[in-house]
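Structural features, examined
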Amino acid sequence: MIPELGHFVLIVALLLALIQGILPLIGAQRGNTALMALARPAAQGQFVFVAIAYACLTYSFLTNDFSVENVARNSFSQLPEVYRITATWGSHEGSLLLWVLMLGFWTTAVSVFSRHLPDDMVARVIGVMGLISVGFLAFLLVTSNPFDRLLPAAADGRDMNPLLQDWGMIIHPPMLYMGYVGFAVAFAFAIAALISGKLDAAWARWSRPWTTVAWAFLTFGIALGSWWAYRELGWGGWWFWDPTENASFMPWLAGTALIHSLAVTEKRGAFKAWTVLLALTAFSLSLLGTFLVRSGVLSSVHAFATDPARGAFILAFLAVVIGGSLTLYAWRAPKMLTGGPFTWFSREAMLLANNVVLLAAMGSVLLGTLYPLLMDALGMGKISVGPPYFNAVFVPVMAPALFLMGVGPLARWKGDSLPDMVARLKWALAISVATGLLLPLTLKGFNPWATLGFTLSAWILLTVLIGFRERLKHSGRLANLPRGYWGMQLAHLGMAWGVAGITLVANYQQEIDVRMKVGDHTSLAGYTFTFQGTTEEPGPNYRVAKGTVEVSKEGKQLFVLHPEKRIYNASGMPMTEADIHPNFFRDVYVALGEPLDEDAKTWAVRIFHKPFINWLWLGALLMVIGGFMAASDRRYRIAVKKSEAPAGAAAQGA
């Protein structure tokens, strides 16, 4: 009965989503307060019913109800309980239900924390999000019902994908989806503003914290996914420009441009058309990522293998959302008044240039991701676009954005003096260039890519410090600086830290692939690795060959690593589980390959020395903290009187 209950409450949720998506929009257009008042209870009721459906699916997984096809395909009686919970979103159907649950959560949050906004604006925002929910709930019920029965019931399940049986996957998908779906709020605010024709500073201030929180969640989700791939896939990489990785990275780039554009619209009333277009783009790219992952057009460790009918449904939904929003934008864009004037050298100009560069970088990723699919669809052959293309195109395009990251926050609104800026930043630039030129010489000799990375990292760090120094001249104490400013600078500092980590690990990592039998030893980066063989051990739902590798330096044993080779019982799928010894300055990473003789005494072993790789994720964490700190700025917590004139609203610490 539990699966039937789950299916029934999804139908109820769809009906509530229809009410939420239609009646409040009609009420907002006609000024009917009764219809507008339906927005909040309908949204909250829809979220409750979707949550009940999700709980029903989770219960089916926890109780091993193999009469549910979704459970039979994605779980196993021997699967540990914690992974039965994560298996709920480990399938196409379950992950889509998680998406709808997250959308309901965001909509409910908007309904709760928007009491200070005009009723017609709230009705339109919640109504637009309701229409998005209608599309995804219809997709669930028509093509991807997670509660379909399997008769007769399976004796046991096929097991969850072994790649997903990692504790990093407990956190990664919910965080990624919170970011993906969070951009629906920015999208809804943009559509609501387009419908009403009220594109002003107040609109930007209302949507800015929601956008920043979504961006922070997406940053966290992408970082967790990178960390998971590094630990779980056994090849020692942290980013491979996989199409599904790109599918999350593209909305992140658009979202980064959006939060900067919102700052200008809020402060100066400028870039209105640009800001709205970025809001539409960020969510459209989230939907595009959904299509790529679920349509069956990609072969990826991250993608869901699905039938073409599902891809056609998502493609049609994508066409409706993108086509409809762009049509509305084209109709309203000519009526958007520009903000105050600014010179070519001003904070507005720097932010505009930054956004152009970010979109160019996003375009290069989009081209590299979609071009092979387009060529294949046109019958022009299969081609592969991999890291060489992205590294050659994306890195040079992003370099100007990182340089502007240092200049932009220090430039004045409306206009600034270039000679004055040069005087303020000349020592920062000189020290940055010197760092970039000299630091590689202390490592492995001159390297142009390392020089570029070190220069930009030092540049951002020094300009952040200069920014604090100049602010302190006016505020007197660090405690007097607004959270928005702290958040911005912390995010920029995180980027500097991440760039330094990427530069070091990309240019100075070392690796070897060796054949080792018991007692063999090899050396890498000053460490000696001694292989002590493997032992056979049982796991909860797999068999494991557990290796022992002793790591020493100058004759002194430092630590022991235990890489594993697992064979999963249900699928027979082999999996490599690397073992890593981390610290602040490096990772020592060992992975078992395949046994090279019949009695499994000799193994292929891959060893990595990864300098400063953890700086990548530390930098991402600083960016996440900065995002949440900026979103919690005091000005977003002050209720805006419904009667106040929104134009000219001030924004400090932008």
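As the structure is a computational prediction, the values presented were derived from the model and not from experiment. (Residues numbered from 1 in each chain as written. Predicted model: local features only at pLDDT ≥ 70, side-chain atom pairs only at ≥ 80, totals over all residues. Heavy atoms only, no water.)

Examining the domain arrangement of the chain
Frequently, the measure chosen for interface size is the accessible area removed from exposure when the parts meet. Selection criterion: Throughout, the edges of the domains are those of an automatic or database domain assignment.
Domains assigned within the chain are domain 1 (1–158), domain 2 (161–389), domain 3 (398–508 + 615–621) and domain 4 (513–613). The C-alpha centroid of domain 3 is placed 43 Å from the C-alpha centroid of domain 1.

Topic: the nonpolar core
What counts here: The term nonpolar core refers to a set of buried residues drawn from Ala, Val, Leu, Ile, Met, Phe, Trp, Tyr and Cys, joined through side-chain atoms within 4.5 Å. Type-normalised accessible area, obtained with a 1.4 Å probe on protein chains alone, sets the label of each residue: buried when under 20%, exposed when over 50%, and partly exposed for intermediate values. Starting at the N terminus, helices and strands are each numbered in turn, a helix being any DSSP run of H or I of at least four residues and a strand any DSSP run of E of at least two. Any pair of residues with heavy atoms lying within 4.5 Å of one another is described as a contacting pair.
Formed by 157 residues in total, the largest nonpolar core has its most connected members in Trp-106, Ile-132, Leu-137, Phe-189, Trp-203, Trp-252 and Val-276. If you tally residues by element for this core, the top one is helix α8 (residues 168–196), at 19 residues. When residues no more than four places from it in sequence are discounted, the contact partners of Leu-137 are Leu-10, Ala-13, Leu-14, Ala-17, Gln-46, Val-50 and Val-100. Val-514, Leu-561, Val-588 and Val-590 belong to the second-largest nonpolar core, a separate cluster that totals 17 residues.

Section: helix α15 (residues 418–438)
Counted only if it meets this: Helix span, expected: 1.5 Å multiplied by one less than the number of residues in the helix. The quantity called bend is, for any residue, the angle between two axes fitted respectively to the seven residues ending at it and the seven beginning at it.
Between its first and last C-alpha, α15 extends 28 Å over 21 residues, near the 30 Å set by a 1.5 Å rise per residue. At Leu-425, α15 shows its largest kink, close to 55°. Check the buried side of α15 and you find it contacts α14 (387–407) and α16 (448–475).

With respect to the side chain of Thr-451
Residue placement: Thr-451 occurs in helix α16. Ignoring sequence-local partners within four residues, the contact set of Thr-451 consists of Gly-436, Leu-437, Pro-440 and Phe-446.

Section: the packing of α8 against helix α10 (residues 243–268)
Heads up, the rule is: Angles here are taken between N-to-C directions and fall from 0 to 180 degrees, while the axes themselves are lines fitted to C-alpha atoms, restricted in helices to the stretch in contact. The cut-offs work like this: below 35 degrees is roughly parallel, past 145 is roughly antiparallel, 65 to 115 is roughly perpendicular, and the gaps in between are oblique. Working rule for handedness: look at the near helix, and if it is turned counterclockwise from the far one by less than a right angle, call the crossing left-handed; if clockwise, right-handed. In this classification, Asp, Glu, Lys and Arg are treated as charged, Ala, Val, Leu, Ile, Met, Phe, Trp, Tyr, Cys and Pro as nonpolar, and every other residue, Gly included, as polar.
Packing of α8 against α10 brings their axes to within 11 Å, and their N-to-C directions diverge by 45°. Between α8 and α10, the crossing angle belongs to the class labelled oblique. Where α8 crosses over α10, the two elements pack in a sense that is left-handed. Residues Leu-176, Tyr-180, Phe-183 and Ala-186 of α8 lie in contact with α10, whose contacting residues are Ala-247, Ser-248, Pro-251, Gly-255 and Leu-258. Its residues assigned to classes, the contact of α8 with α10 comprises 7 nonpolar, 2 polar and no charged.

So, the sheet that holds strand β8 (residues 579–582)
In plain terms, the rule: Only strands that DSSP links by at least two bridges are regarded as paired with each other.
Across the sheet, 4 strands lie side by side as β1-β10-β9-β8; this open sheet has antiparallel pairing. One side of each edge strand has no neighbouring strand; the edge strands of this open sheet are β1 (510–517) and β8. Along the sheet, successive strands turn relative to each other by an average axial angle of 15°, direction set aside. Alignment of β8 against strand β9 (residues 586–595), held across 4 bridges, turns out to be antiparallel. If you follow Ile-580 over to β9, its bridge partner there is Tyr-589.

Overview of the pattern of salt bridges
The following threshold applies: For this document, the term salt bridge refers to a Lys or Arg side-chain nitrogen within 4 Å of an Asp or Glu carboxyl oxygen.
Within the structure shown, the criterion is met by 18 salt bridges. Put simply, Asp-520 and Lys-517 hold a salt bridge, and the shortest N to O gap is 3.9 Å. Asp-520 gets classed as partly exposed once you look at its relative accessible area, which sits at 24%. With relative accessibility at 45%, the residue Lys-517 sits in the partly exposed group. Two residues, Glu-577 and Arg-566, come together in a salt bridge whose shortest N-O distance is 3.9 Å. Linking Glu-577 in strand β7 (residues 574–577) with Arg-566 in strand β6 (residues 564–568), this pair joins segments that are 11 residues apart in sequence. Residue Glu-577 shares its accessibility class with Arg-566, and that shared class is buried. In the salt-bridge network here, residues are joined through shared partners; they are Arg-412, Asp-416, Asp-420, Arg-424 and Glu-470.

Regarding the packing of helix α6 (residues 92–112) against helix α9 (residues 201–232)
Where α6 meets α9, the axes come as close as 13 Å, and the angle between the chain directions of the two elements is 150°. Comparing their axes, α9 and α6 come out roughly antiparallel. Crossing handedness for the pair α6 and α9: right-handed. From α6, Trp-106, Ala-109 and Val-110 reach across to α9, where they touch Trp-210, Val-213, Ala-214 and Phe-217. Residue composition of the contact of α6 with α9, grouped by class: 7 nonpolar, no polar and no charged.

As for the pairing of β9
Counting buried residues along β9, 7 of its 10 residues qualify, which places the element largely inside the surrounding structure. In textbook terms, the turn of a hairpin is the stretch between consecutive antiparallel strands, and for β8 and β9 this stretch comprises 3 residues. Count of turn residues in the β9/strand β10 (residues 602–611) antiparallel hairpin: 6 residues, of which Ala-600 carries a positive phi of about 55°.

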